[in-house]
Amino acid sequence: MLIERLHSHESDVGGLPVRRALPNRGRRTVGAWCFADHAGPGDLPPERRMKVGPHPHTGLATFSWMIEGEVMHRDSLGSAQVLRPGQVNLMTAGHGISHSEESLTERIHLAQLWIALPDAERDRAPNFQHFAALPRLAVEQGWDATLLIGEFGGQRSPVPSFTPLLGVDLVASGPACARLDLTPGHEHGFMVLEGEVELALEGHDAVERVVPGELLYVAPGCPAAELRCAAASRLLLLGGEPFQPTPLLWWNFVGREPAEMPVWAEDWAREDGGRFGQVAGFDGPRIPAPPVPQLRRPG
């Protein structure tokens, strides 16, 4: 069984720690999950609160899971939505959309993920959806779960997806142990956000210890995993059907061919934002596209 330990790229945005697990030099995707940022937890004073100006997306869906704090989302469809703890914002960019994000609180802790859209859907009309309530369930022996997307524990999330996908937020307030049934035909990623978790994977002899800043990738073929922690911990379980073809990511775009990127960058440079439109209500300039480098089609 193929097991890969991916180490996040770590950065600091105005005092807020950000760990990027995907894309990674060793692994581009887990299912259709093609981007995974863990922001916080951290406290930002008013003069340094997160304020991300209007920027474009295409070929993907952005998935924002709020753990602590509040963020205001605005987009070129006219949406203006505050994201609060326990809620998800799903913005399906499709053909093209632009949006801005502003933190409304000092404390911020969230996961920001991207989902690559399959060829049949990546040019679809853009859409924004807010999910204020998600299925919650007690797994066993100290673990509590929020089902973010997909099916788990006999429940289904209301958040839609265009490919078979799984996202579960698992939290333990103290020592805990649970056995999770996995879909053997899917690949999975265990991304620890807080604490420390030991994973015993069925069919794999070694016990894997995972800490924040790491994502443990498990290739298809694993039917179950046992999660153990000795103290309060939190992790995301991400999974899905292996995604083909491997998407090409540059800046805020998810495509297939290098030739697509300069076309989209030029569209965004237009005064009206081209296919990406304009965001109303944000106080500040939009973010320009950087120069497009030499890109290669992912193999």
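Now for a quick tour of the structure. Quick caveat, the model's predicted, so the values are computed rather than measured. (Residues numbered from 1 in each chain as written. Predicted model: local features only at pLDDT ≥ 70, side-chain atom pairs only at ≥ 80, totals over all residues. Heavy atoms only, no water.)

## Side note on empty space enclosed by the protein
Okay, so step 1: For the structure shown, the criterion picks out two cavities of 30 Å³ or more.
Okay, so step 2: In this structure, the largest cavity encloses a volume near 50 Å³.
Okay, so step 3: Forming the boundary of the largest cavity are Ala61, Leu90, Thr92, Ile115, Leu117, Pro160, Ser161 and Phe162.
Okay, so step 4: Counted by class, the lining of the largest cavity contains six nonpolar, two polar and no charged residues.
Okay, so step 5: As for the second largest cavity, its lining consists of Ser8, Arg19, His38, Met191, Val192, Gly213 and Glu214.
Okay, so step 6: Taken together, the residues of the lining of the second largest cavity sort by class into two nonpolar, three polar and two charged. (1 Å grid on protein atoms, 1.4 Å probe; cavity = no way out; pocket = protein on both sides within 12 Å on 5 of 7 lines; lining within 4 Å. Points joined across faces, edges and corners; volume = space filled by probe spheres on them. Nonpolar A, V, L, I, M, F, W, Y, C, P; charged D, E, K, R; others polar.)

## Overview of unusual backbone geometry
Okay, so step 1: Note the cis peptide between leucine 22 and proline 23, where omega equals -5°.
Okay, so step 2: The omega angle of the peptide bond from glycine 40 to proline 41 is 0°, so this bond is cis rather than trans.
Okay, so step 3: Here proline 41 is to be found in strand S4 (residues 33–43). (Helix = DSSP H or I, 4+ residues; strand = E, 2+ residues; numbered from the N terminus.)

## Focus: the sheet that holds strand S23 (residues 224–229)
Okay, so step 1: Read from one edge of the open sheet, four strands run S18-S23-S20-S21, paired in antiparallel fashion. A single partner strand is all that each edge strand has here, and the edge strands are strand S18 (176–181) and strand S21 (207–210). Put simply, the sheet's adjacent strands are angled 20° from each other on average, direction ignored.
Okay, so step 2: Judged from the six bridges that link them, S18 and S23 form a sheet pairing that is antiparallel. Residue pairing in the sheet places leucine 180 in a bridge with alanine 225 of S23. (Pairing = 2+ DSSP bridges. Axes fitted to C-alpha atoms, helices over the stretch in contact; angles between N-to-C directions.)

## Considerations on the pattern of salt bridges
Okay, so step 1: Applying the stated criterion to the full structure yields 23 salt bridges.
Okay, so step 2: Linking glutamate 4 and arginine 27 is a salt bridge whose minimum nitrogen-to-oxygen distance equals 3.1 Å. Of the two residues, glutamate 4 sits in strand S1 (residues 3–7) while arginine 27 sits in the loop between strand S3 (16–22) and S4, which places them 23 residues apart along the sequence. A single burial state applies to glutamate 4 and to arginine 27, both of which are buried.
Okay, so step 3: Across the pair aspartate 43 and arginine 107 runs a salt bridge, and its minimum N-O distance is 3.1 Å. A residue pair is termed long-range when its members are at least 10 positions apart, and aspartate 43 in strand S4 and arginine 107 in strand S11 (residues 107–116) qualify at 64 residues.
Okay, so step 4: Where salt bridges share partners, they join Asp119, Arg122, Arg256 and Glu260 into one cluster. (Salt bridge = Lys/Arg side-chain N within 4 Å of Asp/Glu carboxyl O. Buried < 20%, exposed > 50% of the residue type's maximum accessible area, 1.4 Å probe, protein only.)

## Describing the layout of surface pockets
Okay, so step 1: Taken as a whole, the largest pocket spans an internal volume of roughly 1000 Å³.
Okay, so step 2: Along the wall of the largest pocket there are 44 residues; nearest its centre are Arg20, Phe35, Asp37, Trp114 and Asn252.
Okay, so step 3: In terms of residues, the lining of the largest pocket owes the most to one element, S11, which gives four residues.
Okay, so step 4: When the residues that make up the lining of the largest pocket are grouped by side-chain class, the tally is 24 nonpolar, 14 polar and six charged.
Okay, so step 5: Considered as a void within the structure, the second largest pocket measures approximately 260 Å³ in volume.
Okay, so step 6: Considering the residues around the second largest pocket, the lining is formed by 19 residues, among which Ile149, Gly150, Glu151, Leu165 and Leu166 are closest to the centre.
Okay, so step 7: Listing elements by their share of the lining of the second largest pocket, those giving two or more residues are strand S15 (151–152) and strand S17 (165–172).

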